[in-house]
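# Report on the structure
The residues making up each chain are set out below.
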Amino acid sequence: MGLKRTVSIIGTGSYVPEKVLTNHDLEEMVDTNDEWIFSRTGMRERHIAADDQATSDLGAEAAKKALADAGVKAEEVDLIIVATLSPDMFFPSTACFVQEKIGAKNAFCYDLGAACSGFLFALECGKNQILAGAAKTVLVIGAEKMSAFLDWEDRTTCVLFGDGAGAVVLQSRGDEHGVMDAVMGSDGSLADLLCTPGCGSRNPASPAVLEQRMQYITMQGRDVFKHAVSRMGKSVVLALEKNQVSIDDIKCFIPHQANSRIIDAIGRRLGISDRIYLDVAKYANTSSAAIAIALDEAVNEGVIQKGDLFVMTVFGGGFTWGANVVEWCK
Ligand code: COA
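What this report covers is the structure whose coordinates are included nearby. All values derive from a computational prediction rather than experimental measurement.

## Here's the deal with the site of the ligand
In the region of the ligand, 23 residues are neighbours, and Thr 32, Arg 155, Gly 221, Arg 222 and Asn 259 sit closest. Interatomic distance of 2.6 Å between a side-chain N/O atom of Asn 259 and an oxygen atom of the ligand. Taking Arg 261, its side chain carries an N or O atom lying 3.5 Å from an oxygen atom of the ligand. Protein contact buries 74% of the 970 Å² of open area that the ligand shows by itself. Only α2 (34-41), α6 (155-158), α8 (221-242) and α9 (260-270) provide two or more residues apiece to the shell around the ligand. Tallying contributions element by element places α8 first for the shell around the ligand, with 4 residues. Its residues assigned to classes, the shell around the ligand comprises 11 nonpolar, 7 polar and 5 charged.

## Description of the pattern of salt bridges
Tallying each qualifying case throughout the model produces 12 salt bridges. For Asp 31, the salt bridge goes to Arg 155, with nearest N and O atoms at 3.6 Å. Of this pair, Asp 31 sits in the loop between α1 (23-27) and α2 while Arg 155 sits in helix α6, placing them 124 residues apart in sequence. The network of salt bridges with common partners includes Glu 124, Lys 127 and Asp 181.

## Focus on α2
Inspection of α2 places Asp 34, Ile 37 and Thr 41 among the buried residues, and these make up the whole buried set. Mapping the buried residues of α2 onto a view down its axis gives an arc of 85°, with all of them on the same face.

## A short note on the packing of aromatic side chains
This model, assessed by the stated rule, comprises 3 aromatic pairs. Plain terms: the ring middles of Phe 310 and Trp 328 are 6.3 Å apart, the flat faces sit at 55° to each other, and that makes the pair tilted. Taken together, the positions of Phe 310 in strand β12 (residues 309-316) and Trp 328 in the segment after β13 (320-327) put the pair 18 residues apart, joining distant regions of the chain. Considered together, Phe 310 and Trp 328 belong to a single accessibility category, that of buried residues. Plain terms: the ring middles of Phe 315 and Phe 319 are 4.8 Å apart, the flat faces sit at 55° to each other, and that makes the pair tilted. Over the aromatic face of Phe 38 sits the side chain of Arg 44, whose NZ or CZ is 3.5 Å from the ring centroid. Above the plane of the ring of Trp 321 lies Arg 231, whose end atom (NZ or CZ) is 3.9 Å from the centre.

Calculation rules
- Residues numbered from 1 in each chain as written.
- Predicted model: local features only at pLDDT ≥ 70, side-chain atom pairs only at ≥ 80, totals over all residues.
- Heavy atoms only, no water.
- Near = heavy atom within 4 Å.
- Polar contact = N/O pair within 3.5 Å; in protein donor to acceptor, adjacent residues only side chain to side chain.
- Areas by Shrake-Rupley, 256 points an atom, 1.4 Å probe, with all protein chains shown as cover.
- Helix = DSSP H or I, 4+ residues; strand = E, 2+ residues; numbered from the N terminus.
- Nonpolar A, V, L, I, M, F, W, Y, C, P; charged D, E, K, R; others polar.
- Salt bridge = Lys/Arg side-chain N within 4 Å of Asp/Glu carboxyl O.
- Buried < 20%, exposed > 50% of the residue type's maximum accessible area, 1.4 Å probe, protein only.
- Arc of directions from axis to C-beta.
- Phe/Tyr/Trp six-rings, centres within 6.5 Å; stacked < 30°, edge-to-face > 60°.
- Lys NZ or Arg CZ within 6 Å of the ring centre and 35° of its normal.

Structure below.
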């Protein structure tokens, strides 16, 4: 019997735009205040892309750093998957724009839409392309310019999100575990609770659609909150079971950075509060970029080291959710 083939993360990178928008800045824009935002979400500030920066610009910066970290040339990449809900355009894919920007001319490229869960779903797809023999080196990117899809007059949504990108490079290097199995789920019956209703084929762009501000993200915050706590919590337990790993053996948990209260609730429920990586105060919710940025920071800060097992868990519009277990092999 041959060796079990595994796929590892061999490099990480992240990028956030220069401009910082604080809770105090938001006080000047909508009827809100720092105390409300921080006490309900744990957020202090977020980064906002410049007018001339699109999602692919953010993704390309993160990708270049991940490739440098992995010691891999752009020409060696044979698949780029960009997870995003804020693409540069409906088509071509944001992944194609990233390809052009980083010079990965030998790659095939596509976007993946799973809202805030996109990075974990894309990681699983990239891993499986390698395991299936369809690719050797895969770049997985979560990139978002959320600010382009926020209603800056709606205080219930605009304070919650930020822009940024994170990326990883995947290869099979014969490590013992690498990226282990994921559990993923979706429930389309709850799509209305978190969505951008306008300017797709359901409600094409028109003066009426724009007047109703349907081109922006809408959300039923309390319902989203409840489902996020329950789905991420259950996903972590299922992912540990699937990979036959004990919760005690996990060095670090990297949850979707949507809200510190959601994360606290999961931490208490699972008894893992002291091992959760949290950066929501600095970046707010960067959707599919969030766990990719957090992973890059956790590695750079030495929170995750060679041989450590960590768990990533996500939740997003759709609804979509999931979790996986990863062995850090660098
Ligand atoms: N500043 C000040 N007040 C605000 C506000 C803001 N930015 N946004 C809403 N409010 C007000 C509401 O209008 C409401 O006022 P009312 O009682 O007079 O009607 C009050 O604050 C409480 O609103 P509520 O929705 O009950 O607050 P909450 O405790 O549920 O917190 C969220 C709201 C959005 C922070 C919370 O529900 C949440 O985080 N949900 C999950 C969101 C999420 O993570 N989405 C992405 C998932 S990928």
